[in-house]
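Coordinate inspection notes
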Amino acid sequence: MTDKVIATTGLFEQRARNFAASFLFVTCAFLIYRFSPHSAGLRQHWNEIIQASGTDILTSGYVAYSLLLLLFYFTEKAPRDSKSIAALRAVRTLVMSPVRAFREGLPYADRLGLLTMLLKGFFAPLMTLSLFDFSTNMVANGAYLFSHLSAVQTDFLSVFNGHGFWFLFQLILFLDVLFFTVSYLVEHPVLKNEIRSVDPTWLGWAVALACYSPFNSVTAQILGGHVADFPQFEHPVVHITVNMLLLILMTIYTSASVALNLKASNLTHRGIIRQGPYRYVRHPAYICKNLAWWLGTLPAFLAAWQRSAWDAVLVVAAAGAWSAVYILRALTEEDHLSKVDGEYDAYCQQVRYRFVPGVY
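The shown structure was predicted, so the numbers you read here are calculated from the model rather than taken from an experiment. (Residues numbered from 1 in each chain as written. Predicted model: local features only at pLDDT ≥ 70, side-chain atom pairs only at ≥ 80, totals over all residues. Heavy atoms only, no water.)

1. Some thoughts on unusual backbone geometry
Which entries qualify depends on this criterion: The helix count covers DSSP runs of H or I at least four residues long, the strand count covers runs of E at least two residues long, and both are numbered beginning at the N terminus.
Residue Pro-214 follows Ser-213 across a cis peptide bond; omega there is 5°. As for its placement among the helices and strands, Pro-214 is situated in the loop between α9 (202-209) and α10 (215-223). At Asn-261, a position not held by glycine, the phi torsion is positive, near 55°. Checked against the element boundaries, Asn-261 lands in the loop between α11 (236-260) and β2 (268-269).

Laid out in structure tokens, this is it:
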């Protein structure tokens, strides 16, 4: 009986430690985003939509997620040290022995825990806020289309410009971000989406973060760029054709996220996916997103060409620079994945091309 009581007490203490450590990191991430100016617009927009100005959506999400963590950790059958506890060990080492940590590095489990907490702390709130933003715009445009079905036949171009394109575009982005949001928030052996490794290199993190708010504003200032989500053309056939092609490319882009399922996340190795568009190229999302951006650059290029050839070259150079960032992302990802185990190298033997089948 005594041994059983001690064992039960030990399990309770382990669960409590796991929850407390995770709750600490979730709270830190919440406070950073709660008082960060770059997320204020998204929070305000969502609060206005749901007419709950007294309730911040990020605060509601924080409370709900904390309760889910409590439920998860205190119902876990065989608790072991969580990644959040490993992260706290890493923080303690960095604070107490920074020189030794720099020279010898952190133990693998501690480094993985710390990088995982940093990764989730940055991306989970960002994806959650973006998901709410995309969903509200999608619902608003969808509601308009549903209530104006007759106008689709009588004035298709106007409806497409005002609501049709944006409904489809926001739907595509909503599905993409949905998988990433859930994947950042939920990690479990049963789901087979445990994070095995996080890219430990400065370059890998730099090129990834350069594509996300708030860092992408700095990237845009450095590289320039004239990309339109919805490029405008005078000729209606050209206008519809180019934008439908853009939507097709973004659909393939999102199909890559659907194929990743709950393994979708940046900078991580959570197992290799071979289905969907990953059967044909190793980076389908990157190539489709960049091709869509090149289509979105066409109006700026045409306007620049009318001014001077040099202006047109600058537009192309800016678009090329953004593509170079994504090529770097692909290369750093492959370098990271190939160093974890032999699974990615085997995948590369099966799928030889990075971006374009039969070309590269």
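That shown, we press on.
2. Some details on helix α4 (residues 83-96)
The condition is simple: Any helix carries an expected span of 1.5 Å times its number of residues minus one. Here the term buried applies to any residue with accessible area under 20% of the maximum for its type, exposed to any over 50%, and partly exposed to those in between, with areas from a 1.4 Å probe on protein chains only.
Compared with an ideal rise of 1.5 Å per residue, which puts 14 residues at 20 Å, α4 spans 20 Å between its outermost C-alpha atoms and is within 8% of the ideal. Those residues of α4 that sit buried are Lys-83, Ser-84, Ile-85, Ala-86, Ala-87, Ala-90 and Thr-93.

3. Thoughts on helix α3 (residues 57-73)
Think of an α-helix as 3.6 residues a turn; residues three or four steps apart then line up on the same face. Convention followed: As used here, the arc belongs to the directions running from the helix axis to the C-beta atoms.
Between its first and last C-alpha, α3 extends 24 Å over 17 residues, near the 24 Å set by a 1.5 Å rise per residue. Restricting attention to buried positions, one finds in α3 the residues Ile-57, Leu-58, Tyr-62, Tyr-65, Ser-66, Leu-69 and Tyr-73. Along the axis of α3, the buried positions cluster into a sector of 160°, meaning they face one direction only. Exposed positions of α3 whose direction lies more than 90 degrees from the buried face are Leu-67, Leu-68 and Leu-71.

4. Topic: the confidence of the model for the chain
Just so we agree on the cut-off: By definition, pLDDT measures how confident the predictor is in each residue, and it falls between 0 and 100. When checking whether two residues touch, look at their non-hydrogen atoms; a contact exists if any pair is within 4.5 Å.
Per-residue pLDDT for the chain averages 91, and the proportion of residues at 70 or more is 92%. This model gives residues 1-6 a pLDDT under 50, and the stretch forms zero contacts once residues within four places in sequence are excluded.

5. Some thoughts on the packing of aromatic side chains
To keep it simple, the criterion reads: Each pair of aromatic rings taken from Phe, Tyr and Trp, with Trp reduced to its six-membered ring, is defined by centres within 6.5 Å and is described as stacked if the planes are under 30 degrees apart, edge-to-face if over 60, and tilted in the remaining cases. In our convention, an over-ring charge means Lys NZ or Arg CZ found within 6 Å of a ring centre and within 35 degrees of that ring's normal.
All told, the structure shown has 25 aromatic pairs when counted by the stated rule. Ring plane angle 90° and centroid distance 4.8 Å describe the contact between Phe-122 and Phe-123, whose orientation is recorded as edge-to-face. According to the relative accessible area criterion, Phe-122 is buried, its value standing at 14%. Judged by relative accessible area, Phe-123 falls into the buried class, the value being 0%. Ring geometry for Phe-160 versus Phe-165: centroids 6.1 Å apart, planes at 70°, classification edge-to-face. Taken together, the ring pairs in this structure connect Phe-12, Phe-19, Phe-23, Phe-30, Tyr-62 and Phe-74 into an aromatic cluster. A cation sits over an aromatic face here: Arg-34 above Phe-35, 5.5 Å from the ring centre.

6. Regarding a nonpolar patch on the surface
Rule in force here: Residues enter patches when their relative accessible area tops 30% and they take part in no salt bridge; the joining distance is 9 Å for like charges and 5 Å for the nonpolar side chains Val, Leu, Ile, Met, Phe, Trp and Tyr. Where accessible areas are quoted, they stem from the Shrake-Rupley method and a 1.4 Å probe; at the residue level, only the protein chains shown are allowed to cover. Salt bridge, as used here: a side-chain nitrogen of Lys or Arg that lies within 4 Å of a carboxyl oxygen of Asp or Glu.
On the surface, a nonpolar cluster with roughly 590 Å² of combined accessible area is contributed by Leu-203, Ile-327, Leu-328, Leu-331, Val-356, Val-359 and Tyr-360. If one sorts the elements of the nonpolar patch by residue count, helix α13 (residues 309-340) sits on top with three residues. With respect to the helices and strands, Val-359 occurs in the segment after α14 (343-350). Residue classification places Val-359 among the exposed residues on the basis of a relative accessible area of 64%.

7. A closer look at the nonpolar core
Keep this limit in mind: Working definition of a nonpolar core: buried Ala, Val, Leu, Ile, Met, Phe, Trp, Tyr and Cys residues. They are joined through side-chain atoms within 4.5 Å.
Counting 70 residues, the largest nonpolar core has Phe-123 and Met-250 as its most contacted members. The next biggest cluster of nonpolar side chains, apart from the first, holds five residues, and it includes Phe-25, Ala-90, Leu-114 and Met-117.

8. A closer look at the packing of α4 against helix α6 (residues 108-147)
Test applied: Only C-alpha atoms enter the line fits that serve as axes; for helices the fit covers just the stretch in contact. Angles between N-to-C directions range over 0 to 180 degrees. Here roughly perpendicular refers to angles of 65 to 115 degrees, roughly parallel to angles under 35, roughly antiparallel to angles over 145, and oblique to all remaining angles. Three residue categories are used. Nonpolar comprises Ala, Val, Leu, Ile, Met, Phe, Trp, Tyr, Cys and Pro, charged comprises Asp, Glu, Lys and Arg, and polar comprises the others, including Gly.
Packing of α4 against α6 leaves a shortest axis separation of 7 Å and a crossing angle of 105°. One way to sum up the angle between α4 and α6 is to call them roughly perpendicular. On the side of α4, the interface is formed by Lys-83, Ser-84, Ala-86, Ala-87, Arg-89, Ala-90, Val-91 and Leu-94, while α6 contributes Ala-109, Asp-110, Leu-112, Gly-113, Leu-114, Thr-116 and Met-117. Tallied by class, residues from the contact of α4 with α6 come to nine nonpolar, three polar and three charged.

9. Details of the environment of Glu-104
By the secondary structure assignment, Glu-104 is in helix α5 (residues 98-104). Judged by relative accessible area, Glu-104 falls into the exposed class, the value being 63%. Distance in space between the C-alpha atoms of Glu-104 and Ala-78 is 32 Å, their sequence separation being 26 residues.

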